[in-house]
Amino acid sequence: SGAGATSGGAAGNSGAITSPTGPFMPGPCADLFADDLFPTYELQIAPAEWNALVNDFNTMQQNIDAGRNYHPYHALAEFRYGDEVVRNALIRLKGWSSWRQAVNDKPAKMQFVIAFNEIDGNGRFHGQRKLELDMPRIDQTYVRQRIALAYMRAVGLPAQCANNARVFINGAY
């Protein structure tokens, strides 16, 4: 798919629990991260909001040089997962270092954070405050991070929940 979704660590889960490995070990992964699932997320974003995200992406180095080391959130008109629709989610760019990397002449690809708790502090989607849509540029298999995180969780280490996903923005893959 070229996209991975992670929970953002313990903060992305519905809450930390006390476990034999410590108080910050995240609980079980949300159903969105089931090994046998290949979710499709459909995002609808107004043209002005999309253009602002694209501008942020294309001017990232100038933003860094100017000391603006943040990515602002933008309103999503709609976040859809199957029959479920969320209309109060926000989106922002994720990352600073990998947006310009090119591998085998592939163009740079945006990475995103979808926030369900920025408008409503109690907002959640399948128990998640945020979903990170990551693009592991140096992992052409798109599974190394997912396997490593699953292994870490299996041996009792705190690690993000992860899954691969398809992402459509305004109908485009």
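Enquirer: Just checking my understanding: could you explain the environment of E78 for this structure?
Expert: With respect to the helices, strands and loops of the structure, E78 is situated in strand β4 (residues 78-81). Along the primary structure E78 and N88 are separated by ten residues, whereas in three dimensions their C-alpha atoms are 7.6 Å apart. Contact partners of E78, with chain neighbours within four places excluded, come to E42, L43, Q44, V85, V86 and R87. Polar contacts involving the side chain of E78 include one to the side chain of R87, which spans 3.3 Å.

Enquirer: So what exactly am I meant to see when it comes to the pairing of β4 here?
Expert: Two elements, strand β2 (residues 40-44) and β4, share three bridges in a ladder whose sense is antiparallel. In the sheet register, L43 faces β4, and the bridge partner there is F79. Sheet analysis places β4 next to strand β5 (residues 84-86), joined by three bridges and oriented antiparallel. Bridging from a neighbouring strand, Y81 pairs with E84 of β5. Between the antiparallel neighbours β4 and β5 lie two residues, among them G82 with a positive phi of about 60 degrees.

Enquirer: Honestly, the state of the cysteines in this entry has me stumped. Any pointers?
Expert: One covalent bond between the sulfur atoms of two cysteine residues makes up a disulfide. Evaluation of the coordinates by the stated rule reveals one disulfide. Here C29 is linked by a disulfide to C161, with a sulfur-sulfur distance of 2.2 Å. For the disulfide bridge between C29 and C161, the dihedral angle about the S-S bond is near -90 degrees, and by the sign convention the bridge is left-handed. Residue C29 is found in the loop between β1 (4-6) and β2, and its partner C161 is found in the loop between α3 (144-154) and β9 (162-164); the two are separated by 132 residues along the sequence.

Enquirer: Explain the nonpolar core to me, please; I cannot follow it from the model alone.
Expert: Grouped burial of nonpolar side chains is what soluble globular proteins tend to show. By size, the foremost hydrophobic cluster in this structure holds 27 residues, and its most contacted members are F79 and I114. Only β2, α1 (47-58), β4, β6 (90-93), β7 (112-115), β8 (130-134) and β10 (166-169) provide two or more residues apiece to this core. For I114, the contacting residues outside a window of four places in its chain are L43, L76, F79, A89, L90, I91, R129, K130, L131 and L133.

Enquirer: Sorry if this is basic, but what is going on with the sheet that holds β4 here?
Expert: Across a sheet, paired strands are connected by hydrogen bonds in the backbone, their directions being either parallel or antiparallel. Strand order in the open sheet formed by four strands is β5-β4-β2-β10, and the pairing between neighbours is mixed. Pairing within the sheet leaves two strands with one partner each, and these edge strands are β5 and β10. The mean inter-strand angle of the sheet, taken between neighbouring strand axes irrespective of direction, is 20 degrees. When β2 meets β10, the two strands line up parallel, connected through four bridges. Of the residues in β10, the one forming a bridge with L43 is I169.

Enquirer: Looking at this structure, how should I read the packing of aromatic side chains?
Expert: In this description, a pair of aromatic rings is defined by centroid distance and the angle of the planes. A full pass over the atoms with the stated rule returns eight aromatic pairs. Note on F79 and F116: the rings are 5.1 Å apart at their centroids and 80 degrees apart in plane angle, and the pair reads as edge-to-face. Remark: F116 occurs in the loop between β7 and β8 and F79 occurs in strand β4; sequence separation between them is 37 residues. The exposure classification of F79 matches that of F116, with both residues buried. Taken together, a centroid distance of 6.0 Å and an interplanar angle of 85 degrees make the contact between Y81 and F125 edge-to-face. Here Y81, found in strand β4, pairs with F125, found in the loop between β7 and β8; they are 44 residues apart in sequence, far enough to count as distant. F125 carries the same exposure label as Y81, and that label is buried. Among the aromatic residues, those joined into a cluster by ring pairs are Y41, F79, Y81, F116 and F125.

Enquirer: Explanation requested: the confidence of the model for the chain in the structure shown.
Expert: Taken over all residues, the pLDDT of the chain has a mean of 81, while the share at 70 or more is 77%. A low-confidence stretch, residues 8-23 stays under pLDDT 50, and its non-local contacts, those more than four residues away or across chains, total 34 contacts.

What counts, and at which threshold
- Counting restarts for each chain: residues are numbered from 1 in the order of the written sequence.
- Residue-level local features of this predicted model are given only where pLDDT is at least 70; pairs of side-chain atoms are given and counted only at 80 or more, and the full residue set underlies all totals for whole chains, interfaces and linings.
- The side-chain numbers reported here are obtained from all heavy atoms of the structure, hydrogens and water having been left aside.
- Secondary structure follows DSSP: runs of H or I at least 4 residues long count as helices, runs of E at least 2 residues long count as strands, and numbering of each begins at the N terminus.
- Two residues form a contact once any of their heavy atoms are found within 4.5 Å.
- Throughout this description, a polar contact denotes any pair of N or O atoms lying within 3.5 Å of each other; where both atoms belong to protein, one of them has to be capable of donating a hydrogen while the other can accept it, and for residues adjacent in sequence the pair is counted only when both atoms sit in side chains.
- Should DSSP find at least two bridges between two strands, the strands are regarded as paired.
- Two cysteine sulfur atoms make up a disulfide if the distance between them is within 2.5 Å.
- To define a nonpolar core, start from buried Ala, Val, Leu, Ile, Met, Phe, Trp, Tyr and Cys residues and group those joined through side-chain atoms within 4.5 Å.
- Accessible area is worked out with a 1.4 Å probe on protein chains only. A residue is then buried under 20% of its type maximum, exposed over 50%, and partly exposed in between.
- Fitting a line to C-alpha atoms yields each axis, with helices limited to the stretch in contact; the angle taken between N-to-C directions then spans 0 to 180 degrees.
- For this analysis, a ring pair means two rings from Phe, Tyr or Trp (six-membered ring only for Trp) whose centres lie within 6.5 Å, classed as stacked if their planes differ by under 30 degrees, edge-to-face if by over 60, and tilted for the remaining angles.
- pLDDT runs from 0 to 100 and stands for how confident the predictor is about each residue.

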